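The primary structure of each chain is shown beneath.
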Amino acid sequence: QVQLMESGGGLVQAGGSLRLSCAASGTIISRTAMGWYRQAPGKQRELVARISSRGNINYADSVKGRFTISRDNAKNTVDLQMNSLNPADTADYYCNAGGSLYNAGGVWGQGTQVTVSS
């Protein structure tokens, strides 16, 4: 059974940075498309970034140039480095496994909260 565990969320001031990490068990992430999504209060869950098993990357326009998704095959983790954060980035962030470069898979983590203060 595939399980995902997110960590690294918290409170940060606008302009600051956070690094989220998603630890996977029950799957080898180097062979799996992985992604990060977020859901702000009252809004639908949206794509932040995805990385395919081949290493191709897809970013939402709103985070391009600020966020970086990466994979650590030795640790079996997928990280999201978030720089130049602004209050609009405030949301619960979820890790996702499976799918493709553009489509989510069926496995989700429980999420980690990111709050950016102005």
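Conventions used here
- Residues numbered from 1 in each chain as written.
- Predicted model: local features only at pLDDT ≥ 70, side-chain atom pairs only at ≥ 80, totals over all residues.
- Heavy atoms only, no water.
- Disulfide = S-S within 2.5 Å.
- Helix = DSSP H or I, 4+ residues; strand = E, 2+ residues; numbered from the N terminus.
- Buried < 20%, exposed > 50% of the residue type's maximum accessible area, 1.4 Å probe, protein only.
- Contact = heavy atoms within 4.5 Å.

**Student:** Please explain the state of the cysteines as it appears in this structure.
**Tutor:** Cysteine pairs can be covalently joined through their sulfur atoms, and such a bond is termed a disulfide. Taken as a whole and assessed by the stated rule, the structure comprises one disulfide. Residue cysteine 22 pairs covalently with cysteine 95 via a disulfide, S to S 2.1 Å. Every disulfide takes its handedness from the sign of the S-S torsion; for cysteine 22 and cysteine 95 that torsion is -80°, giving left-handed. Here cysteine 95 lies in strand S9 (residues 91-99) and cysteine 22 lies in strand S3 (residues 18-25), a separation of 73 residues in the sequence. Cysteine 22 gets classed as buried once you look at its relative accessible area, which sits at 0%.

**Student:** What exactly am I supposed to notice about the side chain of threonine 77 here?
**Tutor:** Within the secondary structure, threonine 77 is located in strand S8 (residues 77-82). Since its relative accessible area comes to 8%, threonine 77 is described here as buried. What threonine 77 contacts, discounting residues up to four positions off in sequence, is Ser21, Cys22, Ala23, Ile29, Ser70, Arg71 and Asp72.

**Student:** Looking at this model, I keep getting lost on the environment of methionine 82. Mind explaining?
**Tutor:** In this structure, methionine 82 sits in strand S8. When the C-alpha atoms of methionine 82 and leucine 18 are compared, they prove to be 5.2 Å apart, with 64 residues separating the residues in sequence. In this structure, methionine 82 is in contact with Gly16, Ser17, Leu18, Leu20, Arg66, Phe67, Tyr93 and Val114, ignoring residues within four places of it in sequence.

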